[in-house]
Amino acid sequence: MSSYFYELYFADSVQPATLRERVLALPEVKPDPEFPDQYWVGRVHLVLDCEEAEEMIDSIEPRTGIRTGSFSLDVGVHSFSQNDTNLMLDLVLDILAEGEDAVAVYLSERIMLMQKDGKLYVDSSQMGQDSVDHLRRRRELQEKDLGPVF
């Protein structure tokens, strides 16, 4: 089964417990009974990953100026339908609503979205126009080439 996901890395002031609370507050969220720290909202899968990702974390700060914590929240779908992608993007925006700096990395390779100093930046050179338009309907954003992580 194919999958499409973002790894969200938050400013180091955000703790895993804070993200757990935000995820559990999402409408229609269902914890996965078999896997702790995994959740579902419709067909969107959310995984709080507290494993060390030192190489990724060390690469994000020089590229973005954002010092991140040592964990990520993976948000993804197991299909490429635009409806599923839109729901995934809605959940990302809902989680980012608190305003902390954060970076969304696509498949451990490319920065696709960044929230910094209260502004949302989207890499429209890599993200489909339908997805950019969907995000723009929800929030003001700036399009910019955010580049690879490494």
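This text follows the structure it describes.
Sequence order sets the numbering: in each chain, residues are counted from 1 along the sequence as written. The model is predicted, so local features are restricted to residues of pLDDT at least 70 and side-chain atom pairs to those at 80 or more, both for listing and for counting; the totals for chains, interfaces and linings are taken over all residues. Water and hydrogen atoms were dropped before computing side-chain values, which therefore reflect all heavy atoms in the structure.

*Asks:* What is the right way to read the environment of lysine 116 from this model?
*Replies:* By the criteria applied, helices consist of DSSP H or I runs no shorter than four residues and strands consist of E runs no shorter than two, each listed in order from the N terminus. Structurally, lysine 116 is set in strand β7 (residues 110-116). Measuring from C-alpha to C-alpha, the distance between lysine 116 and glycine 65 comes to 8.9 Å, with 51 residues separating the pair along the chain. Contact definition: two residues touch when any of their heavy atoms are within 4.5 Å. Contact partners of lysine 116, with chain neighbours within four places excluded, come to Thr64, Gly65, Ile66, Asp101 and Tyr121. Nitrogen and oxygen atoms within 3.5 Å of one another constitute a polar contact, given that in protein one can donate a hydrogen and the other can accept it, and given that sequence-neighbouring residues count only through two side-chain atoms. A polar contact of 2.6 Å, which involves the side chain of lysine 116, links it to the backbone oxygen of threonine 64.

*Asks:* Quick question: what am I supposed to make of the side chain of aspartate 123 here?
*Replies:* Structurally, the position occupied by aspartate 123 is in the loop between β8 (119-122) and α4 (129-138). Since its relative accessible area comes to 0%, aspartate 123 is described here as buried. Polar side-chain contacts of aspartate 123 include one of 3.0 Å to the side chain of arginine 110. At a separation of 2.4 Å, a polar atom in the side chain of aspartate 123 contacts the side chain of serine 125. If we ignore the near neighbours within four places in the chain, the residues touching aspartate 123 are Arg110, Ile111, Met112, Lys144, Asp145, Leu146 and Gly147. Residue burial is assigned from relative accessible area. The probe radius is 1.4 Å, only protein chains are included, and a residue is buried under 20% of its type maximum, exposed over 50%, and partly exposed in between.

*Asks:* What exactly am I supposed to notice about α4 here?
*Replies:* Think of an α-helix as 3.6 residues a turn; residues three or four steps apart then line up on the same face. Looking at α4, one finds that the buried residues are Ser131, Val132, His134 and Leu135. Buried residues of α4, seen end-on, are gathered within an arc of 160° and therefore sit on one face of the element. Residues of α4 that are buried in the fold lie against α3 (82-96), β7, β8 and β9 (142-143). Think of it as the arc spanned by the lines of direction from the helix axis to the C-beta atoms.

*Asks:* I'm lost on the side chain of aspartate 101 in this one. Help?
*Replies:* Among the secondary structure elements, aspartate 101 is positioned in the loop between α3 and β6 (102-106). We score Asp and Glu as negative and Lys and Arg as positive, and we do not count His or the chain ends. Every case where a carboxyl oxygen of Asp or Glu lies within 4 Å of a side-chain nitrogen of Lys or Arg is listed as a salt bridge. Notably, aspartate 101 is buried but unbridged: the nearest opposite-charge side chain belongs to lysine 116, and the N-O separation is 6.2 Å. Side-chain polar atoms of aspartate 101 contact the backbone nitrogen of aspartate 117, separated by 2.9 Å. Not counting residues within four places of it along the chain, the set of residues in contact with aspartate 101 comprises Tyr9, Phe10, Ala11, Ile66, Gln115, Lys116 and Asp117.

*Asks:* Explain the environment of proline 27 to me, please; I cannot follow it from the model alone.
*Replies:* Counting through the fold element by element, proline 27 comes out in the loop between α1 (16-24) and β2 (30-31). Residue proline 27 is classed as exposed on the basis of its relative accessible area, which comes to 57%. Distance in space between the C-alpha atoms of proline 27 and leucine 91 is 9.5 Å, their sequence separation being 64 residues.

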